[in-house]
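Descriptive analysis of the structure
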Amino acid sequence: MSTELAIGIDLGGTAVKACLATASGVILQEIQQPTRASGGPEQVITLLTSMIATFEETARGTGDLRGIGVGAPGSIVHEEGRVISPPNLPDWHDVPLGPALQEKSGMIVFVENDANAAALGEAHFGASKDAPNSMLVTIGTGVGSGIILDRKLWRGEHGFAGEIGHVSIDAEGPACNCGSRGCLEAYVGAAYLTERAAAFLRHHPESPLTAYSKDELTPKILADSARNGDRASYEILYEAGLKTGLVLAGIVNILDITTILIGGGIAAAGKPLFDGIDTSLNTYVIAPLRGKLSAQPARLGNKAGMLGATVPVFSQHT
Ligand SMILES: [Zn+2]
């Protein structure tokens, strides 16, 4: 019997990462290209089609190519493979991405929300491989999550499940770009975090980062500075962790999930962020779980999305 293969595509606002992989998550070929989102959906579909053709060529004689999975930003109408208004893909108001790729390739195509695809990736091949229930929280420009319950992705009734970034922790908090107030994302999303950090540092002249403007500060600079002993940088990231942990504790109390993974650019902040998350988690969860929880870093990094996108292709055929 020949090896079953699938194409996994992680469609991002700036780059498309794609791979040809086996059902056990072994990557046989990997391609990364700039998305060039300004060209609109047609141009991106043409790019994806040419990547698919390259993988088909490789798969020939290697194995049995079963289909294509795509992780895409925005709201996804999963059953129809439609992508609705992703924030970082302009002109994508309602794009039938699945049917378009299916028509061009002749293969079955599954389209999944990008946060969900990454959670599937970690749950099948990464840090939550052995856990029946898990959650992957991605903290980057935006804050999202994917929830796995009983080894299945929980999409919710409209595909919106896991929108942790828009859980409000303060009704009078800062305005969020979703139109609400006090959303977690409005504290820990990359842009908000660096803006808050710049304001905080103005009151901490002892910090070597005082000279940085909010446009110059990055989560990585904060993390490096914290690692070098700068207390103010540590505080900023720890505080972001506390706020994240507060929301996570609420989710644990509802779903009783204890495998919690943190990924995305800001997860690279490491210890200060995780210290904050664990402190809050273990303070606000119900008493029997206090002191027992610890968030873990995601393991697959930026491969989680494309590998996770292949999962529905294989599970469809088994
Ligand atoms: Zn919001």
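In what follows, the structure referred to is the one given above.
These remarks concern the structure in this document.

Here is what the cut-offs are and how they apply
Residues numbered from 1 in each chain as written. Predicted model: local features only at pLDDT ≥ 70, side-chain atom pairs only at ≥ 80, totals over all residues. Heavy atoms only, no water. Donors = N, O, S within 2.8 Å, 3.2 Å for Na, K, Ca; no water. Tetrahedral: all angles 85-135°; square planar, octahedral: opposite > 155°, others 65-115°. Buried < 20%, exposed > 50% of the residue type's maximum accessible area, 1.4 Å probe, protein only. Axes fitted to C-alpha atoms, helices over the stretch in contact; angles between N-to-C directions. Helix = DSSP H or I, 4+ residues; strand = E, 2+ residues; numbered from the N terminus. Parallel < 35°, antiparallel > 145°, perpendicular 65-115°, else oblique. Left-handed = near helix turned anticlockwise from the far one by under 90°. Contact = heavy atoms within 4.5 Å. Phe/Tyr/Trp six-rings, centres within 6.5 Å; stacked < 30°, edge-to-face > 60°. Salt bridge = Lys/Arg side-chain N within 4 Å of Asp/Glu carboxyl O. Expected span 1.5 Å × (residues − 1). Arc of directions from axis to C-beta.

This part covers the coordination of the zinc ion. Looking at the zinc ion, one finds its protein donor set to be His-166 (ND1), Cys-176 (SG), Cys-178 (SG) and Cys-183 (SG), positioned 2.0 to 2.3 Å from the metal centre. One can describe the site at the zinc ion as tetrahedral: its 4 donor atoms subtend angles covering 106 to 120° at the metal. For the zinc ion, all donor residues lie on one chain, and their spacing in sequence is H-x9-C-x1-C-x4-C. The exposure class of Cys-176 is buried, given its relative accessible area of 7%. With relative accessibility at 0%, the residue Cys-183 sits in the buried group.

What follows is about the packing of helix α1 (residues 40–59) against helix α2 (residues 97–105). Helices that pack against each other are described as a pair by the angle of their axes relative to one another and the distance between those axes. At a minimum axis separation of 10 Å, α1 and α2 run at an interaxial angle of 45°. With respect to α2, the element α1 is oriented oblique. Handedness of the α1/α2 crossing: right-handed. Between α1 and α2, the contacting residues are Ile-45, Leu-48, Thr-49, Ile-52 and Glu-56 on the first element and Leu-97, Ala-100, Leu-101, Lys-104 and Ser-105 on the second.

This next bit is on the packing of aromatic side chains. Applying the stated criterion to the full structure yields 1 aromatic pair. Taking 5.8 Å as the distance between ring centres and 20° as the angle between the ring planes, the aromatic pair formed by Tyr-234 and Tyr-238 counts as stacked. Of this pair, Tyr-234 and Tyr-238 both sit in helix α7 (residues 231–255), 4 residues apart, which is roughly one turn of that helix. Look at Tyr-234 and you get buried, because its relative accessible area is 17%.

All right, on to the environment of Ser-280 then. Note on placement: Ser-280 falls in helix α8 (residues 271–284). Using a relative accessible area of 3% as the deciding quantity, one classes Ser-280 as buried. In the structure, Ser-280 is positioned 41 residues away from Glu-239 in sequence and 9.8 Å away in space, judged by C-alpha atoms.

Under the criterion given, the structure shown has 13 salt bridges. For the salt bridge of Glu-57 with Arg-60, the shortest nitrogen-to-oxygen distance reads 3.0 Å. We note that Glu-57, like Arg-60, is exposed. In this structure, Lys-214 engages Asp-215 in a salt bridge whose closest nitrogen and oxygen atoms are separated by 3.6 Å. Residue classification places Lys-214 among the partly exposed positions, given a relative accessible area of 40%. It is possible to trace a salt-bridge network through shared partners that takes in Glu-4, Asp-64 and Arg-66.

As for its placement among the helices and strands, Glu-112 is situated in strand β8 (residues 109–113). Judged by relative accessible area, which is 4%, Glu-112 ranks as buried. Look past the residues within four positions of Glu-112 in its chain and what remains in contact with it is Val-70, Gly-71, Ala-72, Ile-76, His-78, Ala-117, Leu-153 and Arg-155.

So, on to α1. Here α1 is 20 residues long and its end C-alpha atoms lie 29 Å apart, about the 28 Å a rise of 1.5 Å per residue gives. When we look at burial in α1, the residues that qualify are Gly-40, Pro-41, Val-44, Ile-45, Leu-47, Leu-48, Met-51, Ile-52, Phe-55 and Ala-59. Take α1 and look down its axis: the buried residues cluster within an arc of 160°, on one side only. Turned more than 90 degrees from where α1 packs its buried face, Glu-42 and Glu-57 sit exposed. Looking at the buried positions of α1, the neighbouring elements they touch are β1 (3–11), β2 (15–22), β3 (27–34), β4 (63–72), β7 (94–95) and α2. Residue Gly-61 follows α1 closely and has a positive phi angle near 85°.

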